[in-house]
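Report on the structure
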Amino acid sequence: MKSPVSIIASSILALAATIAGPAAAQTATPATPPKLIVVISVDQFSADLFQEYRGHFTGGFARLLTGTVFPSGYQSHAATETCPGHSTILSGFRPEHTGIIANNWIDQKAPRTDKQVYCAEDESVPGSTSSSYTVSDKHLLVPTLGERMKAANPANRVVSVAGKDRAAVMMGGHRVDELWWWDGKAFVSYASRATPAVVARTNAAVAARIAQPEAAMDEPDWCASHDHAVPLSPEKSVGTGRFEREAGSMTKFRASPAFDAAILALGAGMIQDMKLGHGPATDIISIGASATDYVGHTYGTEGAEMCIQLANLDRSLGSFFDVLDQTGADYEVVLTADHGGNDVPERERDNGLPEAARADVALAPANMGREIAAKLGITGPVLFGDIPNGDVWISIALDAKQRKAVQAEAIARYKAMPQVAAVFTAAQIAASPEPKGPVETWTLLEKARASYNPAHSGDLLVFLKPRVTPIPDPTHGYVATHGSPYNYDRRVPILFWRKGMAAAEHPNGIETVDIMPTLAAQIGLPIAAPRVDGKCLDLATGMPCP
Ligand SMILES: [Zn+2]
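Figured I'd write up the structure that's included with this text. (Residues numbered from 1 in each chain as written. Predicted model: local features only at pLDDT ≥ 70, side-chain atom pairs only at ≥ 80, totals over all residues. Heavy atoms only, no water.)

Scanning all chains against the criterion turns up three disulfides. Residue pairing for Cys223: its cysteine sulfur links by disulfide to Cys307, the two sulfurs lying 2.0 Å apart. Taking the sign of the torsion about the S-S bond as the criterion, the disulfide between Cys223 and Cys307, at about -85°, is left-handed. Placement of the pair is Cys223 in the loop between α8 (197-211) and β8 (230-233) and Cys307 in helix α12 (residues 304-327), with a sequence separation of 84 residues. Summarising the burial analysis for this pair, Cys223 and Cys307 share the class buried. The residue that forms a disulfide with Cys536 is Cys545, at a sulfur-sulfur distance of 2.0 Å. (Disulfide = S-S within 2.5 Å. Helix = DSSP H or I, 4+ residues; strand = E, 2+ residues; numbered from the N terminus. Buried < 20%, exposed > 50% of the residue type's maximum accessible area, 1.4 Å probe, protein only.)

Our focus in this paragraph is the pattern of salt bridges. Taken as a whole, this structure holds 30 salt bridges when the rule is applied. Across the pair Lys150 and Asp177 runs a salt bridge, and its minimum N-O distance is 2.8 Å. You can see Lys150 sitting in helix α6 (residues 145-152) and its partner Asp177 sitting in the loop between α7 (165-172) and β6 (178-182), a full 27 residues away along the chain. Judged by its relative accessible area of 8%, Lys150 falls in the buried class. We classify Asp177 as partly exposed; its relative accessible area is 27%. Between Asp459 and Arg403 there is a salt bridge whose closest N-O contact spans 3.4 Å. Remark: Arg403 occurs in helix α15 (residues 400-416) and Asp459 occurs in the loop between α17 (444-450) and β16 (460-464); sequence separation between them is 56 residues. Salt bridges linked by common partners bring Glu371, Lys375, Glu409 and Arg413 together as one network. (Salt bridge = Lys/Arg side-chain N within 4 Å of Asp/Glu carboxyl O.)

This part takes up the pairing of strand β1 (residues 36-42). In terms of burial, β1 is largely enclosed, as seven of its seven residues are buried. Alternating residues of β1 divide into Leu36, Val38, Ile40 and Val42 and Ile37, Val39 and Ser41, and every residue in both groups is buried. The pairing of β1 with strand β11 (residues 331-336) spans six bridges and is parallel. Bridge pairing in β11 places Val39 opposite Val334. The sheet contact formed by β1 and strand β10 (residues 283-289) spans seven bridges and is parallel. By the bridge assignment, Val39 is partnered in β10 with Ser286. (Pairing = 2+ DSSP bridges.)

With that settled, consider the packing of helix α11 (residues 291-299) against α12. The geometry of α11 relative to α12 is characterised by a closest axis approach of 9 Å and an angle of 170° between their N-to-C directions. Comparing the axis directions of α11 and α12 gives the class roughly antiparallel. Between α11 and α12, the residues in contact are Ala291, Thr292, Val295, Gly296 and Tyr299 and Glu305, Met306, Gln309, Leu310 and Leu313, respectively. Per-class residue counts for the contact of α11 with α12 are six nonpolar, three polar and one charged. (Axes fitted to C-alpha atoms, helices over the stretch in contact; angles between N-to-C directions. Parallel < 35°, antiparallel > 145°, perpendicular 65-115°, else oblique. Contact = heavy atoms within 4.5 Å. Nonpolar A, V, L, I, M, F, W, Y, C, P; charged D, E, K, R; others polar.)

Here is the structure:
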């Protein structure tokens, strides 16, 4: 039987064959800049998952393991969410400087009913809301590598493709030749952009695939130890899924290996159609492979589902690199992640983590705020935000004295709750020094500082204790998540590969903000002001750090 994976792989190759000429000889000479930079972000791919499965990879991950491996990269900040994480990868700046301090923040002065603002929206567009938004790059305050390359040489092409708009926008930046994301039904872009043939072709192929039901996928032998049911509630269990899907289910498609195959197929098609890597200057494409995140949120990270997802991603990445080889482009790859992840607490407790728990609903700012308002005799809501890990806002409708009283009450009440690790005020974080020293030794306050921005951050920052999942009830919707300041959410692999690069592994902690200055050195691009937070890493390719 032909497995679904090989069908995906062969469809990528078939797509490739429609464009590609005969395979050219590789011309990589590591003392010269590569002609194409390929940046891949695997959403929610923790260093823990990488470590757990690296010995089993035989496809694209196996190729990357023959390059320069940093198993301990860090999204060093506290706000380990998708938007902040992607904003660090190609900017060289931590979220305190990119301005992207969360996926969503509260702007109580926003001139609309919905006071929540999405990181990649333009809230000034009439009709845009945080859940049905107009996609925009306006909240990203710093340039990306692609923008810097274009400023140095306008012949550069900058392309960004992702399963999420925020991944595509935060890695692509403000000056892009092509930028496409999955909107839940198709790959789309800004309203003003024409649809290239490769996007239309990919959308048609993906729509045809979704219209068909999906049979249960094969499970590699090495996934068997993960394959057992873990009950989460009387109605629901996880751990034994195979990604079978009824015809037309967009939600199940998105949380399955087929989604990453589609994203990588579009990336490969873009490289072929635009002849990236064959222009007068070095081109760059960023690809946000989002399925791992949806699989983690839907099933947790330690079941058969994640194992099958990563096995298939390995194969899809292998097919993707095969297509790139066929184009003859001299390309350099970096693969990393926007944040790590945490398993469902129900399985973590079985796996030797008795502290794992689901958050008490009393932690929700709305619930906490109601009690505080009653005590202080205030009418109307006083606290805003989601169940932390992260920001809590105090109502600006209150007078200064009331705000002070609400803040004091909230700090005392949060600190008294057994699931809370720490509470900081915005003033405390703002007054604290920039993080310094090895990234693995930062304090909670230093991590908070790295994703604090006075324009968007909350009045209070509340951190839950390790392994407390801020999803009180897993019965409906997501069952597991990330977003904490702990290393299971901060630590991600950073893998560099180019043909001819000597294999090397460096166990020291580095940061995802180091990727941008490192890639800049690989193409001989000086980093002009503003100075970035990251530092250049020497990759022994003949293109040294300045
Ligand atoms: Zn993410």
